[in-house]
Amino acid sequence: MADTKKKVTKDMIIAEIIQQNQDVIPLLMNAGMHCITCPASLGESLEEAAMVHGLDVDDLVDMINEYTAPEKAEA
């Protein structure tokens, strides 16, 4: 069965990212996004949230995609 999860991109909405994989919540919180479950933040793109928190969105995207990579799940 093929993996149906798509890679995270900086223009994805936070709610979509969390819906795709709730395991990223602690990852985002550890990166400094402590209000990740606030209703307003769920409507932001990852890029918008990173900008507000002073984070490099490209590093964040890489970190999330590395963490959620299918080969990691199979290891």
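Scroll up a little and you will see the structure.
A brief structural summary. Predicted, not measured: the structure shown is a model, and the values here were computed from it. Numbers given to residues run from 1 along each chain, matching the order in which its sequence is written. Since the coordinates come from a predicted model, pLDDT governs what is reported: local features require at least 70, and pairs of side-chain atoms require 80 or more to be given and counted, while whole-chain, interface and lining totals use all residues. Just so you know, side-chain values use all the structure's heavy atoms and leave hydrogens and water out.

### Brief notes about the pattern of salt bridges
Logical step 1: Criterion for a salt bridge: a side-chain nitrogen of Lys or Arg within 4 Å of a carboxyl oxygen of Asp or Glu. On inspection of all chains with the given rule, the structure shows two salt bridges.
Logical step 2: For Lys 6, the salt bridge identified is with Glu 16, shortest N-O distance 2.9 Å. Here the residue Lys 6 occupies a position in the segment before helix H1 (14-20), and Glu 16 occupies one in helix H1, the gap between them amounting to ten residues.
Logical step 3: On the accessibility criterion, Glu 16 (29% relative accessible area) is partly exposed.
Logical step 4: The closest approach of N and O atoms between Lys 10 and Glu 47, which form a salt bridge, is 4.0 Å. One end of the pair, Lys 10, is in the segment before H1; the other, Glu 47, is in helix H4 (residues 46-52), and 37 residues separate them in sequence.
Logical step 5: Residue Lys 10 is classed as partly exposed on the basis of its relative accessible area of 34%. What counts as a helix is a DSSP run of H or I of at least four residues, what counts as a strand is a run of E of at least two, and both are numbered from the N terminus. Note on exposure labels: buried denotes an accessible area under 20% of the residue type's maximum, exposed denotes more than 50%, and partly exposed covers the range between, all computed with a 1.4 Å probe on protein chains only.

### Thoughts on the nonpolar core
Logical step 1: Within this scheme, the nonpolar core is defined by two criteria: the residues are buried Ala, Val, Leu, Ile, Met, Phe, Trp, Tyr or Cys, and they are joined through side-chain atoms within 4.5 Å. Counting 18 residues, the largest nonpolar core has Leu 28, Met 33, Ile 36, Leu 46, Leu 60 and Ile 64 as the members making the most contacts within it.
Logical step 2: Of all the secondary-structure elements, those providing two or more residues to this core are H1, helix H2 (24-30), H4 and helix H5 (57-67).
Logical step 3: Residue contacts are counted whenever heavy atoms from the two residues lie within 4.5 Å of one another. Each residue touching Ile 64, except ones within four places of it in the same chain, is listed here: Val 8, Val 24, Leu 27, Leu 28 and Leu 46.

### A short note on a negative patch on the surface
Logical step 1: On the surface, Asp 56, Asp 58, Asp 59, Asp 62 and Glu 66 cluster together to form a negatively charged patch.
Logical step 2: Inspection of the secondary structure puts Glu 66 in helix H5. To count toward a patch, a residue needs a relative accessible area over 30% and no salt bridge; like charges are then connected within 9 Å, while nonpolar side chains (Val, Leu, Ile, Met, Phe, Trp, Tyr) are connected within 5 Å. Surface exposure here means Shrake-Rupley accessible area, sampled with a 1.4 Å probe, where a residue is shielded only by the protein chains that are shown. Positive charges are assigned to Lys and Arg, negative charges to Asp and Glu, while His and the chain termini are left out of the count. Positions of charges follow a simple convention, taking NZ of Lys, CZ of Arg, CG of Asp or CD of Glu.

### Details of empty space enclosed by the protein
Logical step 1: Here a cavity is any set of points on a 1 Å grid over the protein atoms alone where a 1.4 Å probe fits but cannot get out, and a pocket is any open set with protein on both sides within 12 Å along at least 5 of 7 lines; a residue lines the site when it has an atom within 4 Å of a point. Grid points are joined across faces, edges and corners, and a volume is the space filled by probe spheres set on the points. Inspection of every chain in the model, using the stated rule, returns one cavity of 30 Å³ or more.
Logical step 2: Each pocket or cavity is described by its volume, and for the largest cavity that value is around 30 Å³.
Logical step 3: What lines the largest cavity is simply Ile 14, Met 33, Cys 35, Ile 36, Ser 41, Glu 44, Ala 49 and His 53.
Logical step 4: Classes in brief: Ala, Val, Leu, Ile, Met, Phe, Trp, Tyr, Cys and Pro nonpolar; Asp, Glu, Lys and Arg charged; the others, Gly included, polar. Across the lining of the largest cavity, the residue classes break down as five nonpolar, two polar and one charged.

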